[in-house]
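Single-letter residue listing:
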Amino acid sequence: QVQLVESGGGLVQAGGSLRLSCAGSARAVSVYAMGWFRQALGKEREFVASINRIGSTDYLDSVKGRFTISRDNAKNTVYLQMNSLKPEDTAVYYCAADPFYSGRSRTGYLYWGQGTQVTVSS
């Protein structure tokens, strides 16, 4: 069983930055595919970014150029650097992990964190 714990959320003004962290309970995080999803109030959970086992990344179009996903294998941690934040980025952000899947479907990921709230004020 892999446990994922997100941190780094908070309240920020539009144009600001936050860095989310997702710490894994085992070294599995360093070899698994990892993803970030978000769920705004009243909306479906949507894909934001992913990084596969060899380090290739994928991003939701609306965050390309603003968000960066990365991993620190020594710390079993994945990050989501979020710059130029917009009010529409407001959501609960979730970290997900899977031994193989790194796509955009939330049903493909086996393990999930509890989420961290990001609120962007205008």
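Each remark here, short or long, concerns the structure printed above.
Owing to the predicted nature of the structure, the values given are computational and were not obtained by experimental measurement.

Before going further, it helps to spend a moment on the environment of Gln 81. Position of Gln 81 relative to the elements: it lies in strand β8 (residues 77-82). The exposure class of Gln 81 is partly exposed, given its relative accessible area of 28%. Looking at Gln 81, its side chain comes within polar contact range of the side chain of Asn 83, at 2.9 Å.

Right, let's get into the pairing of strand β11 (residues 116-121). Residues Thr 116, Val 118 and Val 120 of β11 are buried on one face, while the alternating residues Gln 117, Thr 119 and Ser 121, pointing to the opposite face, are not. Sheet topology places strand β2 (residues 10-13) next to β11; four bridges connect them, and they run parallel. When the bridges of β11 are listed, Gln 13 appears paired with Ser 121. Two elements, strand β9 (residues 91-98) and β11, share three bridges in a ladder whose sense is antiparallel. By the bridge assignment for β11, Val 92 is matched with Gln 117.

Here is what the cut-offs are and how they apply
- Residues numbered from 1 in each chain as written.
- Predicted model: local features only at pLDDT ≥ 70, side-chain atom pairs only at ≥ 80, totals over all residues.
- Heavy atoms only, no water.
- Helix = DSSP H or I, 4+ residues; strand = E, 2+ residues; numbered from the N terminus.
- Buried < 20%, exposed > 50% of the residue type's maximum accessible area, 1.4 Å probe, protein only.
- Polar contact = N/O pair within 3.5 Å; in protein donor to acceptor, adjacent residues only side chain to side chain.
- Pairing = 2+ DSSP bridges.

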